[in-house]
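Notes for the structure review
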Amino acid sequence: MSKRSKQSAGLLMFRKTGQGHEVFLVHPGGPYWAGRDHGAWTLPKGGSENGEEPLAAARREFQEETGFVAQGPYAELGWVQQKSGKVVLAWAFAGDCDPADLVSNTCELEWPPRSKRRIVIPEVDRGAWFPPEEAALYLREEQRPFLLRLAEQLGNGLLFNTNAERET
């Protein structure tokens, strides 16, 4: 991984269900993503601020984009490189939330492109729980390896260790 690569860090929240487990994904806000669904969802993520450690950035971004506070322990899911060249680092953690309670921060962008008009949009316009097979349809293609890595760790029992120390 090159130091020159633009980098984001994110968290993939999961919960145990009677049928296995589900993952929590978010849909990007704004007019570009408004009509897109399959292959458009993502894990809450964003860039580091002034030397911030990637896991700290992931926790901050998760809260900014969802309004929910992430509680560890956190399991490393490694990294992927998106088509844009951006490298995304990810961690998983067990949690639960009601997607109806999601509250996202906002950002400003030029829309339509090159119009010099600025609009304010939510970074995330909604979130939802998905079983892994369905999540693979909705999640950005480049981030799908995170689902496989999570499934592998869950299959090994690594993420439901009730004796694990919780990072707060």
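Notes on the structure follow. None of the values given here were measured: they were computed from a predicted structure. (Residues numbered from 1 in each chain as written. Predicted model: local features only at pLDDT ≥ 70, side-chain atom pairs only at ≥ 80, totals over all residues. Heavy atoms only, no water.)

Turning our attention to the pattern of salt bridges. One pass over the full model with this rule turns up 11 salt bridges. With a shortest N-O distance of 2.8 Å, Arg60 and Glu52 are connected by a salt bridge. Glu52 shares its class with Arg60; the two are buried. Arg118 is the partner of Glu108 in a salt bridge, and the nearest nitrogen-oxygen pair spans 3.1 Å. Highlighted residues: Glu108 in strand β6 (residues 106-110) and Arg118 in strand β7 (residues 118-122), separated in sequence by 10 residues. Here the salt bridges do not stand alone but share partners, grouping Glu49, Glu52, Arg60, Glu61 and Glu64 into one network. (Salt bridge = Lys/Arg side-chain N within 4 Å of Asp/Glu carboxyl O. Buried < 20%, exposed > 50% of the residue type's maximum accessible area, 1.4 Å probe, protein only. Helix = DSSP H or I, 4+ residues; strand = E, 2+ residues; numbered from the N terminus.)

Considering soluble globular proteins, one finds that nonpolar side chains tend to be buried as a cluster. Ranked by size, the top nonpolar core spans 20 residues in total, and within it Leu12, Val23, Leu25, Leu77, Phe130, Phe146 and Leu150 carry the most contacts. Those residues within four positions of Phe130 in sequence are excluded, and the remaining contacts are Glu22, Val23, Leu25, Trp41, Ala135 and Tyr138. Grouped together as the second largest cluster of nonpolar side chains are 19 residues, Ala9, Ala58, Ala70 and Trp129 included. (Core = buried A, V, L, I, M, F, W, Y, C linked by side-chain atoms within 4.5 Å. Contact = heavy atoms within 4.5 Å.)

Mapped onto the secondary structure, Lys45 falls in strand β3 (residues 45-46). Residue Lys45 is classed as buried on the basis of its relative accessible area of 15%. As for Lys45 and Ala9, which are separated by 36 residues in sequence, their C-alpha atoms are 5.2 Å apart. Each residue touching Lys45, except ones within four places of it in the same chain, is listed here: Ser8, Ala9, Gly10, Glu61, Glu65, Gln82, Lys86, Val88 and Gln143.

This next bit is on helix α1 (residues 54-66). The end-to-end C-alpha separation of α1 is 18 Å, in line with the 18 Å expected for 13 residues at 1.5 Å each. Buried within α1 we find Leu55, Ala57, Ala58, Arg60, Glu61, Phe62, Glu65 and Thr66. Check the buried side of α1 and you find it contacts β1 (7-17), β2 (20-28), β3, β5 (87-94) and β8 (124-130). Of the residues trailing α1, Gly67 is marked for its positive phi of about 85°. (Expected span 1.5 Å × (residues − 1).)

Let us now look at the environment of Leu11. Relative to the helices and strands, Leu11 resides in strand β1. Separated by 35 residues in sequence, Leu11 and Gly46 have C-alpha atoms that sit 9.9 Å apart. Apart from the residues within four sequence positions on either side, Leu11 is in contact with Leu43, Pro44, Leu55, Ala58, Arg59, Phe62, Ala70, Tyr74, Trp91 and Phe93.

This part covers unusual backbone geometry. Note the cis peptide between Gly72 and Pro73, where omega equals 15°. Secondary-structure assignment places Pro73 in the loop between α1 and β4 (75-81). In this structure, Asn50 takes a positive phi of about 40° despite not being glycine. Here Asn50 is to be found in the loop between β3 and α1. One non-glycine residue, Arg114, adopts positive backbone phi at about 60°. Note on placement: Arg114 falls in the loop between β6 and β7. Judged by relative accessible area, Arg114 falls into the exposed class, the value being 77%.

What follows covers the packing of aromatic side chains. The full count for this structure, using the stated rule, is eight aromatic pairs. Taking the centre distance of 5.8 Å and the plane angle of 55° together, the rings of Tyr74 and Phe93 count as tilted. Of this pair, Tyr74 sits in the loop between α1 and β4 while Phe93 sits in strand β5, and the two are 19 residues apart along the sequence. Note on accessibility: Tyr74 and Phe93 belong to one class, buried. One Lys or Arg, Arg36, reaches over the ring of Trp33 and ends 5.9 Å from the middle of that ring. (Phe/Tyr/Trp six-rings, centres within 6.5 Å; stacked < 30°, edge-to-face > 60°. Lys NZ or Arg CZ within 6 Å of the ring centre and 35° of its normal.)

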